[in-house]
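Per-entry structural report
Here is how the chains run, residue by residue.
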Amino acid sequence: LCMDKLVLIHNRCHLILHKMEGRISEQKEKISFPKKKRNYEIVSRKHWLSITNRRMLDLIDEILEQINNNSEIKVSIVYNKYFIGVKPENFIYFKPFDEKLKITVSYGDFGKWSEELKKKEIDFDIHKRTSVKLSFTIDTKLYLKNKDLILNITRDALNKIKRNENLNISSPQMKLF
């Protein structure tokens, strides 16, 4: 083993190297806490009508209709207390407020779509909580002007789900393994 060419790129690799060299004989047991499944409170459409206007909910319905008309995977709407999601896979969710609609997508080629959104002058954000997500905010006029772009973003997310691609790899080093 040539130490000059050895590059440690992750703590786990460092641990494996020490085990191979005999510096560590036993591995300590890792304590892990079970993740609590998020239990989102389901509400009705009536609840959302009391919070936002009908135009935003109709816009969500139109987007979901476009998704269902252009995909093998059929989705249905789920009204949660803090956002509006879809079943069976919550790959896209909506947060209407005032005359705007925030759309968040969980899968897709975010680099490509962020460039397209930037060209169309649509506000967007790529953020990470449990996984990387792309969010953008539109109103009815922006939706009508960019209907094809929004459909392509959702179609890309559905294709990733269909192919069962794991997109939650956040570390570029771990992609090597």
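Whatever comes next refers back to the structure up there.
These lines cover the structure that appears in this document, whether it is placed above or below. Note that this is a predicted model, so its numbers are computed, not measured. Residue indices begin from 1 for each chain and proceed along its sequence in written order. Reporting in this predicted model follows two pLDDT cut-offs: at least 70 for local features of residues, and 80 or more for side-chain atom pairs to be given and counted; totals over whole chains, interfaces and linings ignore these cut-offs and use all residues. Hydrogens and water molecules were not included; the side-chain quantities draw on all heavy atoms of the structure.

Quick notes on helix 6 (residues 147–162)
- Here a strand is any run of E in DSSP of at least two residues, a helix any run of H or I of at least four, and the numbering for each starts at the N terminus. Expected helix span is computed as 1.5 Å times (number of residues minus one). Over its 16 residues, helix 6 runs 22 Å from end to end, which matches the ideal 22 Å to within 8%, given 1.5 Å per residue.
- At its buried positions, helix 6 is contacted by helix 3 (54–69), strand 3 (92–97), strand 4 (100–105), helix 4 (110–119), strand 6 (132–138) and helix 5 (140–145).
- Of the residues flanking the end of helix 6, it is Asn 164, one or two places downstream, whose phi is positive at about 55 degrees. Contacts between residues were defined by any pair of non-hydrogen atoms, one from each residue, lying within 4.5 Å.

Observations concerning the nonpolar core
- In plain words, nonpolar cores are sets of buried Ala, Val, Leu, Ile, Met, Phe, Trp, Tyr and Cys residues tied together by side-chain atoms within 4.5 Å. Buried residues are those whose accessible area, probed at 1.4 Å on protein chains only, stays under 20% of the maximum for their type, while exposed residues exceed 50% and partly exposed ones sit between those limits. Ranked by size, the top nonpolar core spans 34 residues in total, and within it Ile 63, Phe 91, Phe 94, Leu 101, Ile 103, Phe 136 and Ile 138 carry the most contacts.
- Going through the elements one at a time, helix 3, strand 2 (84–87), strand 3, strand 4, helix 4, strand 6 and helix 6 are the ones with two or more residues in this core.
- With seven residues, helix 3 is the largest single contributor of residues to this core.
- If near-sequence neighbours (up to four positions away) are discounted, Phe 136 is found in contact with Leu 101, Lys 102, Ile 103, Val 105, Leu 117, Ile 122, Asp 123, Phe 124, Ile 150 and Ile 153.

Things to note about the packing of aromatic side chains
- Between rings of Phe, Tyr and Trp, where Trp is taken as its six-membered ring, a pair exists when centres lie within 6.5 Å; planes separated by under 30 degrees are stacked, by over 60 edge-to-face, and by other angles tilted. Counted under the stated rule, the structure contains two aromatic pairs.
- Each ring, one from Tyr 40 and one from Phe 83, has its centre 5.0 Å from the other, and the planes form 85 degrees; the classification is edge-to-face. Placement of the pair is Tyr 40 in the loop between helix 1 (11–21) and helix 2 (45–51) and Phe 83 in the loop between strand 1 (76–79) and strand 2, with a sequence separation of 43 residues.
- Exposure remark for Phe 83: the relative accessible area of 10% places this residue in the buried category.
- Grouping aromatic residues by their ring pairs yields a cluster made of Tyr 40, Phe 83 and Tyr 93.

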